[in-house]
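Topology and contacts: notes
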Amino acid sequence: MTTAEKLADLRARLAKAQDPGSERARAKRDAAGLTTPRQRIERLLDPGSFVEIGALGRTPDEPDAPYGDGVVTGYGRIDGRPVAVYAHDKTVYGGSVGVTFGRKVCEVMDMAIKIGCPVIGIQDSGGARIQDAVTSLAMYSEIARRQLPLSGRSPQISIMMGKSAGGAVYAPVTTDFVVAVEGRAEMYVTGPDVIREVTGEVITSAELGGAHEQALNGNVSYVAESEEEAFAYVHDLLDHLPSSCDEPSPVFWAESDEPTERDLALDHFMLDDTNTAYDMMDLLTRIFDNDDVLEVQPDYAPNIITAFSRIDGRSVGVVANQPLFYAGCIDADAADKAARFIRICDAYNVPLIFVVDTPGYLPGVQQEKVGLIHRGAKLGFSVVEATVPKISLIVRKAYGGAYAVMGSKNLTGDINLAWPTAQVAVMGAAAAAVMIQGRQLAAAPPEQREYLKKIFMDFYDENMTSPYVAAERGYIDAMIEPNQTRVALRQALRQLETKREPVIPKKHTIMPM
């Protein structure tokens, strides 16, 4: 064969590898209006930056096996920063995992481990390749094994574009973030057909594992309405994260420290009635560089907000109570959500900002049954374990154990700030009236009980929940006017920029049960 013929042969093979699925599979995909894996990668990455590897890989010892083996893999850039990427190809073996598929994914993961860059997986997999038997399971394990050295070193992001079952869901939920496209993504360990056969339960696949349903279950970081929105969310995430734990996060322009109308309006933000709910997001969009607050898991445990924003142009992680749900109480799900987010921020050296308005942990029989004790303890454990700068801002209620885990100085918070509207105590006035004055109130004439209770509650609020009591004892570093919040947070973060904490030599910590 001449050189010209060899070149022609290479070009023909590469052309065939561009869309290697069967004619029937491609027609089905096109009829459904779905994009190809290469189109998805091109839309995710900077134009022209994708470098593919393994395009000619295929199942060994099968002469007619299609190229690619069900996955497209390679490297590229997002906003000029390197990333490793892979995208399942549903038209080849249904996107199921085979030996060549596994080796291709492992190759880009190994490279990401070496150079320290994010790994983004566009998931649309049929699960294990049944005909490959144990080989497919072995490849799943090989991929999973590489997630550990990547975990906490470089961001791992999964974009769920279709149905993922069995082993195909374990790898995505082990990554840092899972972005699911509404109407496309479905995730479950066991599909509805098998469930019906084994347990007799009848449910549709969308009801079982749709994007919104799995977001409510805590398995999805964000539900996107379209592929474009999913890619945009990934770009926003990477804007707040470093390429690896050894590098700083991107820094953006920020306006000066001069007070703005937005700052001055904060003096009128907090309502006089301490039991009136408000939307914490309205506050968060006013105290950072701008109104850009990127929520993570907004649909799960909405009584606590986990999000990224910026102070002085630098990325920060935000943990804030949401009074619109359970009055801002921390339940078991909220504790899990916040603890994991704190660990993500700590791993990538992103400072933590706690914005506090919580009456405590959520009481109730059901909460005890679902393990509030050990799940709530994980939140405190994660706060203490985190070595990044930790700043707490108390804007209203900070009661009980929930006060402690929301960045208090006693649980290693670095700087605690408070508005004059703050209330810091073991419990609220109403609960204290029952605990301290319960017998006396019960013994009083019925017509006097509410009056006596109010007198006690007013005394309690004045003398026991006053933030000045905490400030006098050194548990609050500074009482600030609300209009000073944005600048005070900047000054605190600047002070903590060079924070370092010694690490006690040991193998690893042990999380609560």
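Now for a look at the structure at hand. (Residues numbered from 1 in each chain as written. Predicted model: local features only at pLDDT ≥ 70, side-chain atom pairs only at ≥ 80, totals over all residues. Heavy atoms only, no water.)

We now examine the packing of helix α13 (residues 332-347) against helix α15 (residues 372-385). Direction vectors running N to C along α13 and α15 enclose 20 degrees, while the axes themselves pass 8 Å from each other. When the axes of α13 and α15 are compared, the pair comes out roughly parallel. Seen from above, α13 lies across α15 with left-handed handedness. Of the residues in α15, those touching α13 at A332, D333, A335, D336, A338, A339, I342, R343 and D346 are L372, R375, G376, K378, L379, S382, V383 and E385. Of the residues in the contact of α13 with α15, the class split is eight nonpolar, two polar and seven charged. (Axes fitted to C-alpha atoms, helices over the stretch in contact; angles between N-to-C directions. Helix = DSSP H or I, 4+ residues; strand = E, 2+ residues; numbered from the N terminus. Parallel < 35°, antiparallel > 145°, perpendicular 65-115°, else oblique. Left-handed = near helix turned anticlockwise from the far one by under 90°. Contact = heavy atoms within 4.5 Å. Nonpolar A, V, L, I, M, F, W, Y, C, P; charged D, E, K, R; others polar.)

Attention now moves to the nonpolar core. The biggest cluster of nonpolar side chains holds 61 residues, and the ones touching the most others in it are L44, I120, I159, F308 and I394. The element that contributes the greatest number of residues to this core is α13, accounting for seven residues. Each of domain 1 (12-240) and domain 2 (261-422 + 476-496) gives at least three residues to this core. F269, A307, L417 and I480 belong to the second largest nonpolar core, which has 31 residues in total. (Core = buried A, V, L, I, M, F, W, Y, C linked by side-chain atoms within 4.5 Å. Buried < 20%, exposed > 50% of the residue type's maximum accessible area, 1.4 Å probe, protein only. Domains from an automatic or database assignment.)

A regular strand carries its side chains on alternate faces of the sheet. Counting buried positions along strand β4 (residues 119-123) yields five of five residues, so the element is predominantly enclosed. The alternating pattern of β4 places V119, G121 and Q123 and I120 and I122 on opposite faces, both of which are buried. Handedness of the strand β3 (residues 81-88)-helix α4 (residues 99-115)-β4 crossover: right-handed. Taken together, the five bridges between β4 and strand β5 (residues 156-160) define a ladder with parallel strand orientation. (Right-handed = clockwise from strand over helix to strand, strands pointing away. Pairing = 2+ DSSP bridges.)

Moving on: the packing of aromatic side chains. How two aromatic rings sit relative to each other is set out by the distance from centre to centre and by the angle between their planes. Counted by the stated rule, this structure contains four aromatic pairs. Ring plane angle 5 degrees and centroid distance 4.1 Å describe the contact between Y222 and Y233, whose orientation is recorded as stacked. In this pair, Y222 is assigned in strand β9 (residues 222-224) and Y233 in helix α10 (residues 227-239), connecting sequence segments 11 residues apart. You can call Y233 buried: its relative accessible area is 4%. An aromatic cluster is built from F177, F308 and F341, whose rings are joined through pairwise contacts. (Phe/Tyr/Trp six-rings, centres within 6.5 Å; stacked < 30°, edge-to-face > 60°.)

A word on the pattern of salt bridges. As enumerated under the stated definition, the model contains 31 salt bridges in all. Residue D9 is joined to R13 by a salt bridge in which the shortest nitrogen-to-oxygen separation is 2.9 Å. Here the residue D9 and the residue R13 both occupy positions in helix α1 (residues 3-17), the gap between them amounting to four residues, near one helical turn. Given the relative accessible area of 30%, D9 is considered partly exposed. The class for R13 is partly exposed, based on a relative accessible area of 35%. (Salt bridge = Lys/Arg side-chain N within 4 Å of Asp/Glu carboxyl O.)

Bringing the sheet that holds β9 into the picture now. Taken together, the seven strands give an open sheet; going across it, the order is β1-β2-β3-β4-β5-β7-β9, and neighbouring strands pair in mixed fashion. The two strands at the open ends of the sheet, each matched to only one other strand, are β1 (51-53) and β9. When strand polarity is set aside, the average angle formed by the axes of neighbouring strands in this sheet is 20 degrees. Sheet topology note: the β5/strand β7 (residues 177-181) ladder contains four bridges and is parallel. Pairing of I157 across the sheet is with F177, part of β7.

Considered as a void within the structure, the largest pocket measures approximately 940 Å³ in volume. In terms of lining residues, the largest pocket is bounded by 28 residues, among which R343, D346, E385, A386 and T509 are the most central. For the lining of the largest pocket, the elements supplying multiple residues, two or more each, are α13 and α15. If one sorts the elements of the lining of the largest pocket by residue count, α13 sits on top with five residues. A breakdown of the residues in the lining of the largest pocket according to their chemical character gives 11 nonpolar, eight polar and nine charged. Each of domain 1 (12-240) and domain 2 (261-422 + 476-496) gives at least three residues to the lining of the largest pocket. In this structure, the second largest pocket spans a volume of roughly 650 Å³. Lining the second largest pocket are 25 residues; nearest its centre among them are N349, P351, P389, E497 and R500. Sorting the residues of the lining of the second largest pocket by element identifies β12 (314-321) and α20 (485-495) as the ones contributing at least two each. Grouping the amino acids of the lining of the second largest pocket by side-chain chemistry returns 12 nonpolar, four polar and nine charged. (1 Å grid on protein atoms, 1.4 Å probe; cavity = no way out; pocket = protein on both sides within 12 Å on 5 of 7 lines; lining within 4 Å. Points joined across faces, edges and corners; volume = space filled by probe spheres on them.)

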